[in-house]
Each structure stands twice: as C-alpha cells, then as structure tokens.
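Residue-level structural notes
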Amino acid sequence: MPYVRIAGFVTLLLRLVMAAVGPAWSVTPMPADQAFQLRAQLDEEEGIELTWSIAPGHYLYRERIVVTLDGKRIRIAAEKGEPKDDPNFGLTEIYRGTGIATVPAELLPEKGHIVVTYQGCAENSICYPPVSKSIDLATLLIEDAGAGEGKGPAPALGGGKETRDVSAWTPSPSNGLEPEAGGLGGGLASTMLAFLGFGLLLSLTPCVFPMIPILSGMLAGGGRLSTPRSLALSVSYVLAMAAAYGTLGIFVAWSGENLQASLQTPVAVLAMSAVFVALALSMFGLYELQLPQSWAAKLAVVAGNRGSIGSAALLGFGSALIVGPCVTPPLAAALVYVAQTGQVLRGSLALFSLGLGMGLPLIAFGVIGSRILPSAGVWLLRVKHVFGVIFVALAIWMASRVVPVALTATAWGGLCIAVGLYLDVPSLFQAPRWRPAKLAQAGAGVLALFYGCVLVIGAALSDYGPLQPLMSVGVVASVPDASIGGFQVVSSEAELDRAIDLGRKQGKGIMVDFSAAWCTECRLMERNVFAREEVKRRLAGMLLIRADLTRFDLSSKTLMQRFAVVGPPTVVFLDPDGTEITDTRVVGDIGVDDFLNKIAKATGV
Amino acid sequence: MNDPISRSQFLRLAAMSALLVIPEQARSGDNEITRDMILNDPDAPVAGNPDGDLTIVDFFDYNCPYCKMAAKSLEKIVKADGNIRLVYKDWPILAETSIVGARLALAAKYQDRYLPVHHALMDIPGYGISQEQMLEAIGRTGVDQRRLDADIAAHAEDILRLIKRNLTIAEAIGLQGTPGFLVGAYRVNQALNYDGFVKVVADARARAKTGK
C-alpha cells in the first residue's frame with residue numbers, strides 16, 4: 001500500500017464524494033468557530049461581557065464555560081440557561097441562540113489576557129471539542145488560544161483553523177435520515193405513557209368523585225341512552241377534561257420555573273396544606289365540600305337537558321378546573337416536571353395524557369353506568385374517613401417543609417393518637433366481641449396511640465428547641481446553627497463574595513453549605529453529619545459558610561445560580577481562590593462516611 | 001483489590017500527562033496519514049466480521065451523548081449485516097475523563113476485554129461522565145482489574161501513541177466533532193440512526209462496486 005500524503009487522501013475523498021452524491025448529502029457540520037461566535041465587550045462597571053452567537057440547531061453548555069487568567073480559573077457570572085432535561089442525558093443547562101457570561105471587573109488586571117473555553121453540540125448530531133479563545137484585556141481582541149492553554153484534552157484540535165476543504169459524506173435529515181431522537185426527544189412516548197398511568201392513579205383519589213354525579217347526571221338526564229351514545233358523550237367529556245389539563249400544561253411550560261419557585265414559598269406550601277386539611281374535614285363529614293349548590297344544580301340541569309356532545313365537552317373542561325385544586329400535590333409534581341422541561345408541546349401533551357388517564361375510569365363508568373359501583377353503606381363512610389386521614393397526613397407532610405420539626409412531630413403524633421382513638425374508642429362502648437378483625441383493629445389502634453404519644457413526647461423534648469413559628473417564614477434570622485458553631489451565615493451574593501474574599505486572604509479552603517430553615521434534610525445533615533466530632537475535626541481548618549435560602553427571593557436565587565445549586569441541602573467546597581473543587585459537591589443528605597470522603601477529596605488528603 | 005484512591009489518582013495523573021503530551025506530539029508527529037493507518041492499524045480494536053467487504057471506522061468519545069445514541073444503531077447494523085468490519089478509534093476530545101475512558105478501554109484490549117469495557121462505557125448515558133462512574137461501570141464487566149491497572153502502566157506509551165494517531169487521523173480527515181464515521185469511502189460527521197446507517201452502507205457498497 002503506497003503512502004499517500006494527507007492532501008492526496010483528502011482530495012481523493014473529495015472526488016469520491018462529489019462523484020457519489022448530490023448536494024443534499026454533502027452537508028458538513030459547521031466548524032465550531034462558526035457555530036459558536038464569541039464577542040467580547042467591556043463594561044466599565046460590570047467587567048467583560050462575553051456573548052456567543054449560536055447558530056440555529058446548536059447549543060452551548062453553560063457549565064462548560066471556563067475562564068482562566070494566568071492558568072487559574074476565575075469566577076464568572078453566566079446567565080441562566082435553558083434547562084435541557086433529556087431522559088437520557090439528565091438535566092443540564094444550555095444556551096441556544098445567544099449565551100452571555102460576565103467576567104467581573106474586579107478580577108481583571110489592566111493588561112494581559114484571559115482564556116475562554118467553551119463547548120457545545122449540534123442538536124442530535126455531534127458534540128464539538130472544547131474551543132479556547134484568548135482575549136486581550138487591553139484591546140479585547142479575540143484569538144485562538146495556543147495549544148495547551150485550554151482546559152480541553154486536545155487543544156490541538158480546538159483551534160480548528162485548518163478546516164480542510166473536504167466535502168463530507170453527511171446525509172442530511174431531509175433524506176429521511178433523521179437522527180436518533182426526534183424533535184421532542186426520544187422519551188415523549190414514554191413520558192406520555194407515564195403521565196397516563198399517573199392520571200389513572202389520580203383517578204383513584206376521591207377528587208374525581210365530584211365528576212361522577214356530573215357525568216352520570218348528564219348521561220341519565222337525557223333519558224335512556226344507547227351504549228354508543230353514552231360512549232361518545234363520556235369520551236368527549238373526558239377528552240375535554242384532558243384538553244383543559246393540556247392547556248394548563250402550555251401555561252406552565254411557558255411560565256417555566258416561576259411556578260416551581262412560587263410553589264416553594266412558605267405561603268404557598270401552607271396554603272396547599274390548608275386546602276388538604278379542609279378536604280380532610282369534609283371527608284370526616286364535618287361539612288359537604290361540593291361545588292356551590294347553584295353551580296352543581298346548573299351543571300346538572302345543563303347536563304340533563306342537553307346531553308349533547310358539545311355540552312359534554314364543556315362540562316369536561318369545567319370539571320377539570322374544579323378538581324384541579326383538589327389533586328394539588330400530584331398535579332403540582334406533574335406541573336413542576338413540565339415546567340422544568342420548558343417545552344410547551346411536550347408539557348402540554350404530558351398533562352393531556354394525565355387528564356386522559358384520570359378520565360379513563362370515568363369513560364368506563366359512563367358506559368357501564370352506576371351499576372358497577374356498590375351501593376352506599378357503612379363501608380363508604382369508612383373509605384371517606386381513610387381518605388380524610390390520608391389528606392391530613394399529606395397536609396402535615398407538606399407543611400413539614402416550612403414549620404419547625406418539633407411542630408411537625410407533634411402533628412404526626414396528634415394524627416396517630418387520633419387514629420388510635422378512632423380505632424379503639426368504639427370498642428370501649430360495645431360489648432366485647434372477640435373476632436379477629438376487631439382484635440386487629442384494636443391492636444392497631446393501641447399501637448397508633450403508643451407511637452403518637454412517643455412522637456409528641458419526643459417533639460417536646462427534642463433539641464430543636466421551643467417552637468419557632470416565625471423562623472419558618474423568614475421573619476426571624478433563621479438558620480439554627482446550634483449543632484456546629486463557626487458557620488458564617490450569608491444570604492446574598494455580595495455577602496458570599498465578602499466571605500470568600502476573607503477565605504482567600506486567610507488562604508483557607510471554603511465550604512459553602514446551602515441550607516434553609518424549611519429544609520428537613522438540612523436539619524438531618526446538621527445532626528447526623530456536621531455535629532460529628534470526626535467531621536468537626538476535619539472541617540476545623542476551613543472557612544465555613546452557610547448560604548441561607550430560607551427566603552426564596554431574588555438574592556437567594558442568585559446565590560443558587562452562582563453555583564448552579566438546585567436546592568438545599570447542597571455543600572460546595574471551594575479552594576482558597578474561590579473556585580469550586582471538582583467532584584466534591586454534595587447534593588442531598590448523605591452519610592458521614594461519604595461526607596468524610598468528600599472532605600478528603602476537597603482537602604487533597 | 002487495589003486501593004481505589006491510589007488507583008483513581010493514578011488515572012487522573014495519567015490523563016493529565018496525556019493532556020500535556022498529546023498536543024506536543026500531535027504537532028511534531030508524522031503528518032503523513034495512510035489508508036492503512038486508518039483501516040488496518042494493528043493496535044486499533046476491531047469488531048464485526050474481520051473479513052467483511054465493508055469497513056466502518058468509528059470515531060467516538062466516552063463523553064459524547066450522540067456517539068452513544070448512534071453506537072446502538074451501529075452495533076445493530078454490524079450484527080444484522082454480517083459483512084461489515086468495524087474499527088474503533090477512541091478519539092478523546094471532549095473532556096478530561098474522555099482520556100481516562102479511552103485508556104481504560106484500550107488497556108483492556110491486552111486481556112481481550114476491549115469490547116465489554118467499551119460497551120460498558122458507552123452505556124453510561126450523557127456527557128461529563130466522572131472517572132468514578134467509569135470505574136464502576138467497568139467493575140461490572142468482569143474485567144481483571146489488577147491486570148487492567150498493570151496494563152495501563154506497562155503499555156502507557158503504546159496506548160498514548162494510538163490515541164495520538166487517532167487524533168491526527170480525525171483531524172486530517174476533517175472531523176469537526178464526535179461522532180464521526182468512515183463508511184467505506186464516505187465520511188459521516190453526524191450521529192445516525194439505524195436507517196441512516198443502512199442507507200450509507202448501501203451507498204458505500206454501491207460506490208465500491210462502480211468506483212474501482
């Protein structure tokens with residue numbers, strides 16, 4: 001085999017390409033420099049603003065943007081990206097169209113140059129190696145960074161100046177050669193299926209019950225209906241209901257994270273919790289929680305009189321809005337998921353599936369009729385009570401995020417005692433009948449009573465101190481640092497910067513613990529991890545900062561964005577320069593051993 | 001069993017050294033590329049039918065999500081077709097751990113376990129794969145880890161040279177990023193699905209028939 005020089009080989013390739021296929025095939029991926037065009041602009045106050053113009057169909061990874069000065073990584077403020085939540089790739093933040101990052105002025109000398117490294121992909125096609133550019137601080141002139149300066153493993157390729165004039169054998173999607181994942185991502189079908197199942201589960205909650213009289217009223221009101229007719233009516237009712245959820249999905253996907261953020265505020269959490277308590281009370285028969293009678297009557301009248309497909313659809317749409325609040329926590333979870341994806345169509349379809357899932361049993365009900373439901377009786381009452389207890393439990397669970405732990409424990413204890421009394425008290429007034437079921441019930445009741453008492457007593461004795469209801473809403477300066485001293489609490493980025501500066505001056509490594517008063521996992525970590533002697537000893541040489549996210553406001557959001565923190569508890573280790581040490585981040589409550597390993601990594605021991 | 005800390009530290013050091021060395025050698029290295037180097041590099045792992053009438057060269061990175069997507073279709077067509085020879089070119093360009101992955105896989109070749117290790121690494125979805133994730137995935141392949149460590153150390157030079165050759169070739173044929181494929185005479189710098197591979201393979205065969 002004769003040796004061929006590169007040029008010869010490339011030319012050969014080129015000829016073969018030209019001979020073989022038409023222009024539709026010869027789409028070559030854009031060179032990285034063309035796909036991601038970097039500009040630098042000086043702002044006297046802010047610093048240097050880096051702007052990437054990103055070609056359509058391409059995206060840049062936010063976390064891959066690295067700026068170095070004299071070989072040392074410096075911190076930048078990169079604007080929030082679009083979340084890319086691919087079922088396969090996990091959650092990342094990317095920029096499409098434009099990406100902006102600012103290098104703070106105070107970190108920059110007058111002269112010299114910084115090296116900017118960034119990396120991105122063409123959607124569903126290829127991923128580019130890291131690109132490194134050197135920016136002269138005096139002139140803002142951008143040049144390819146020399147080999148070896150970039151962070152990427154193969155900077156020799158990064159420059160990409162030697163773009164060969166070879167046409168590629170690249171089939172274009174227009175030839176039917178679609179890349180593996182479609183525009184909505186490969187997981188759409190599975191997402192929809194999952195939401196359908198989710199909806200089916202939701203339909204088992206009593207929230208759907210109010211729909212049954214509406215639907216049956218509609219079906220029965222018009223006299224006897226043929227099966228196909230009931231089917232058509234039920235289906236249109238359910239489809240409209242699903243459409244209502246789909247519409248909700250559109251709004252949520254549009255509004256993006258705002259909803260998620262507002263759902264996390266103590267007020268929203270407490271409000272939802274209150275809704276559940278109200279629902280529970282209604283289940284216990286304190287009052288009938290139904291639509292205002294006038295509405296229900298009107299709906300039933302409309303249903304009875306018409307029975308047309310159009311009115312069925314109208315009813316379905318309305319019903320969805322009515323039960324909406326009732327299914328809050330699961331629905332909220334679904335909405336949050338949709339909001340995170342940020343994709344309007346996907347979110348809408350997902351919620352549509354959810355509505356469909358909820359409606360399927362209704363269709364069955366509509367067709368087969370109320371015959372399938374057993375007649376009412378004591379059992380129905382019992383079922384309602386069970387749901388009442390579940391609702392109260394949900395209310396406590398939700399509230400536990402914002403109320404002090406002791407109060408939560410007391411509430412759980414109270415619930416257990418109540419359940420115990422519910423199970424046992426009737427037996428006291430009845431002639432003893434020693435049937436196994438009765439015995440089991442009494443036994444369970446005693447156990448619940450006992451557990452409840454333990455919880456209440458435990459709560460009273462707990463080392464979380466007296467109830468501090470104000471703390472949870474951020475009125476009182478918040479995070480309790482009783483378990484370990486030495487944490488400096490910050491709640492804004494400026495405070496954090498000052499603390500990091502302090503660490504730099506002292507040459508200390510820094511640990512930033514993102515925490516919040518409403519975060520139960522954070523409490524667990526304080527108790528089980530930070531309070532341990534071993535941990536304390538290992539952290540002794542470090543500057544300990546606690547970033548307080550109790551108040552979910554703008555400053556806490558910027559704090560989180562600064563280190564791309566998803567939520568508390570998150571622990572970030574920084575070297576004395578204020579740069580995060582890779583692979584040391586702790587997200588969520590972890591065990592002592594794992595935490596010690598992270599410390600070891602962070603301190604290089 | 002080896003101490004995992006020292007092992008991972010070693011790998012990291014190895015990756016760092018490759019970082020420093022590769023660009024240097026890539027520049028000073030031979031700027032002559034041969035067809036043989038691309039298709040018949042004796043050190044490059046090969047799969048499929050060794051006597052197949054068509055060779056596909058796969059340039060990939062263990063941190064490249066789209067490579068992983070395309071790899072499934074590629075393996076499928078190689079199997080279904082039965083007459084394709086597949087050459088793996090580890091092309092670690094995306095991140096530091098890419099080099100770690102390439103070294104692990106290529107070192108496993110010395111105990112004839114390249115393919116299981118390669119597949120294990122490709123089966124970790126996404127990008128930004130940590131070294132720990134890689135080691136964990138490899139641990140499940142039943143590869144002899146002690147031997148792997150020994151081979152990484154003993155054959156460090158050879159592995160590095162192979163990676164360097166791959167880098168040079170990929171650059172020479174003008175690949176912009178991962179994944180890249182040579183399918184016969186065709187260069188495809190894009191992730192393909194199964195149908196895409198079917199079409200390119202058919203075209204490459206047709207080309208080979210009429211072109212010579």
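Along each chain, residue indices are assigned from 1 in the same order as the chain's sequence is written. Ligands are numbered from 1 and chains lettered from A, in the order in which they are written. Where local features are concerned, this predicted model is filtered to residues with pLDDT of at least 70; where side-chain atom pairs are given and counted, the filter is 80 or more; whole-chain, interface and lining totals use all residues.

Concerning the overall build of chain B
Note on conventions: DSSP H or I runs of at least 4 residues are helices, E runs of at least 2 residues are strands, and numbering of each starts at the N terminus. Looking only at helices and strands, chain B has nine helices and five strands in total. Each helix and strand of chain B, placed in order from N terminus to C terminus, yields the pattern α-α-β-β-α-β-α-α-α-α-α-β-β-α. Here chain B, with 212 residues, has 51% of them falling under the buried criterion. Across chain B, every contact between residues at least 6 apart in sequence was considered, and the portion connecting residues at least 24 apart equals 78%. Counting other C-beta atoms within 10 Å of its own, a residue is labelled buried from 20 upward, exposed at 12 or fewer, and partly exposed in the gap between, with every C-beta atom placed from the backbone. Here contacts are defined at the residue level, using C-beta atoms placed from the backbone and a cut-off of 7 Å between them.

Some remarks on the overall build of chain A
Helices and strands together make up the secondary structure of chain A, namely 21 helices and 18 strands. Looking at chain A as a whole, 36% of its 605 residues qualify as buried. In chain A, once contacts between residues fewer than 6 apart in sequence are set aside, the share between residues at least 24 apart is 76%.

A closer look at unusual backbone geometry
Trans is the prevailing form of peptide bonds, just as negative phi is the prevailing case for residues other than glycine. Backbone torsion omega between Thr178 of chain B and Pro179 of chain B reads -5 degrees, so that peptide bond is classified as cis. Looking at where Pro179 of chain B falls in the secondary structure, it is placed in the loop between helix H8 (156-172) and strand E4 (180-183). Despite not being glycine, Asp70 of chain A shows a phi value in the positive range, around 50 degrees. C-beta crowding within 10 Å serves as the criterion here: with 10 such atoms nearby, Asp70 of chain A is assigned to the exposed category. A positive phi angle, close to 60 degrees, is found at Leu140 of chain A, a residue other than glycine. Assignment of secondary structure puts Leu140 of chain A in the loop between strand E12 (131-136) and strand E13 (142-144).

Considerations on the packing of helix H4 (residues 96-108) of chain B against helix H5 (residues 114-122) of chain B
Residues and elements named next belong to chain B. The contact between H4 and H5 brings their axes to 7 Å, and the two run at 155 degrees. One way to sum up the angle between H4 and H5 is to call them roughly antiparallel. Along this stretch, H4 crosses H5, giving a crossing that reads as right-handed. For the pair formed by H4 and H5, the contact residues are Gly101, Leu104, Ala105 and Ala108 on the first element and Tyr114, Val117, His118 and Leu121 on the second. For helices, the fitted line uses only the C-alpha atoms of the stretch in contact; every axis is such a line through C-alpha atoms, and the angle between N-to-C directions lies from 0 to 180 degrees. Small angles under 35 degrees read as roughly parallel and large ones over 145 as roughly antiparallel, with 65 to 115 read as roughly perpendicular and the rest as oblique. Here a crossing is taken to be left-handed if its near helix is turned anticlockwise relative to the far helix by less than a right angle, and right-handed if that turn runs clockwise.

Comments concerning helix H7 (residues 145-154) of chain B
Every α-helix carries 3.6 residues per turn, so stepping three or four residues along brings you back to the same face. Residue and element names in this part refer to chain B. When we look at burial in H7, the residues that qualify are Leu148, Asp151 and Ile152. What you see down the axis of H7 is that its buried residues fit within an arc of 100 degrees, all on one side. Opposite the packed face of H7, turned more than 90 degrees from it, sit the exposed residues Arg146 and Ala153. In this context, the arc is that of the directions from the helix axis out to the C-beta atoms.

What to know about the packing of H4 of chain B against H7 of chain B
The relative placement of two packed helices comes down to the angle between their axes together with the axis-to-axis distance. All names here are of chain B. Contact pair H4 / H7: the axes reach a minimum separation of 9 Å and the direction vectors enclose 105 degrees. By the angle between their axes, H4 is roughly perpendicular relative to H7. Taken together, the residues of H7 that come into contact with H4 (itself represented by Arg103, Leu104, Ala107 and Ala108) are Leu148, Asp151 and Ile152. Its residues assigned to classes, the contact of H4 with H7 shows five nonpolar, no polar and two charged. Classification used: nonpolar for Ala, Val, Leu, Ile, Met, Phe, Trp, Tyr, Cys and Pro, charged for Asp, Glu, Lys and Arg, polar for all others including Gly.

Overview of the sheet that holds strand E15 (residues 510-515) of chain A
Residue and element names in this part refer to chain A. Here a strand pair is declared whenever DSSP counts at least two bridges between the two strands. Spatial ordering of the open sheet is given by E14-E16-E15-E17-E18, a layout of five strands whose pairing is mixed. Of all the strands in the sheet, the pair left with one neighbour each is strand E14 (487-490) and strand E18 (586-587). Two elements, strand E17 (residues 570-574) and E18, share two bridges in a ladder whose sense is antiparallel. Bridge pairing in E18 places Thr570 opposite Val587. Its contacts with the sheet place helix H17 (residues 493-506) against E14, E15, strand E16 (543-548) and E17, and it is angled at close to 175 degrees to E16.

A word on the environment of Tyr237 of chain A
Residue and element names in this part refer to chain A. Considering the arrangement of structural elements, one finds Tyr237 in helix H6 (residues 227-255). With 29 C-beta atoms packed within 10 Å, Tyr237 lands in the buried category. Note: C-alpha distance between Tyr237 and Ala313 (76 residues apart in sequence) is 4.5 Å.

Notes on the pairing of E4 of chain B
Residues and elements named next belong to chain B. Neither face of E4 is open: one carries Gly180 and Leu182, the other Phe181 and Val183, and all of them are buried. Here strand E2 (residues 54-60) runs beside E4; their pairing, made up of four bridges, is antiparallel. Across the sheet, the residue bridging to Ile56 is Val183, located in E4. As paired elements, E4 and strand E5 (residues 186-188) share three bridges and run antiparallel to each other. Directly across from Phe181, in E5, lies its bridge partner Val188. In this structure, the hairpin formed by E4 and E5 is closed by a connection of two residues, where Gly184 is found at a positive phi of approximately 60 degrees.

Some details on the sheet that holds strand E9 (residues 98-104) of chain A
All names here are of chain A. Overall, antiparallel pairing links the four strands, which are arranged E1-E2-E9-E6 in an open sheet. Each edge of the sheet is formed by a strand with only one pairing partner; in this case those strands are strand E1 (36-43) and strand E6 (77-78). Sheet topology places E1 next to strand E2 (residues 47-54); eight bridges connect them, and they run antiparallel. Within E2, the residue paired with Gln41 across the bridge is Glu49.

Structural notes on helix H3 (residues 65-81) of chain B
Residues and elements named next belong to chain B. Helix span, as expected, comes to 1.5 Å for every residue beyond the first. Over its 17 residues, H3 extends 25 Å from the first C-alpha to the last, a length consistent with the 24 Å expected when each residue adds 1.5 Å. A residue's bend is given by the angle between axes fitted to the 7 residues ending at it and the 7 residues starting at it. Along its length, H3 shows its largest kink, about 25 degrees, at Ala71. Residues Pro65, Tyr66, Cys67, Lys68, Met69, Ala70, Ala71, Leu74, Ile77 and Val78 constitute the buried set of H3. Gly82 sits one or two residues past H3 and shows a positive phi near 80 degrees.

Considerations on the environment of Ala120 of chain B
Residue and element names in this part refer to chain B. Tracing the chain through its elements places Ala120 in helix H5. With 17 residues separating them in the primary sequence, Ala120 and Ala137 have C-alpha atoms 5.7 Å apart. Residue contacts for Ala120: discarding those within four places in its chain leaves Ala137, Ile138, Arg140 and Thr141.

Things to note about the confidence of the model for chain B
In low-pLDDT regions, the fine details of the predicted coordinates are not to be read closely. Residue and element names in this part refer to chain B. One confidence number per residue, pLDDT, is output by the predictor and ranges from 0 to 100. Mean pLDDT over chain B: 83, with 83% of residues reaching 70 or higher. Across residues 1-5 the pLDDT falls below 50, and counting only partners more than four positions away or on other chains, this stretch makes four contacts in the model. Within the model, the stretch residues 15-31 combines pLDDT values under 50 with 27 contacts to residues more than four positions away or in other chains. Across the interfaces of the predicted complex, the ipTM metric reaches 0.73, alongside a pTM of 0.42.

Quick notes on the confidence of the model for chain A
Residues and elements named next belong to chain A. Put simply, chain A has an average pLDDT of 69, and 60% of its residues get 70 or more. Segment residues 147-186: pLDDT under 50, and 122 contacts once partners within four positions in sequence are set aside and those in other chains are kept. pLDDT under 50 marks residues 289-293. Its contacts with residues more than four places away, or in other chains, come to eight contacts.

Description of the environment of Asp501 of chain A
Residue and element names in this part refer to chain A. If you trace the backbone, Asp501 turns up in helix H17. With 12 C-beta atoms packed within 10 Å, Asp501 lands in the exposed category. Counting along the chain gives 75 residues from Asp501 to Pro576, while the straight-line C-alpha distance between them is 8.6 Å.

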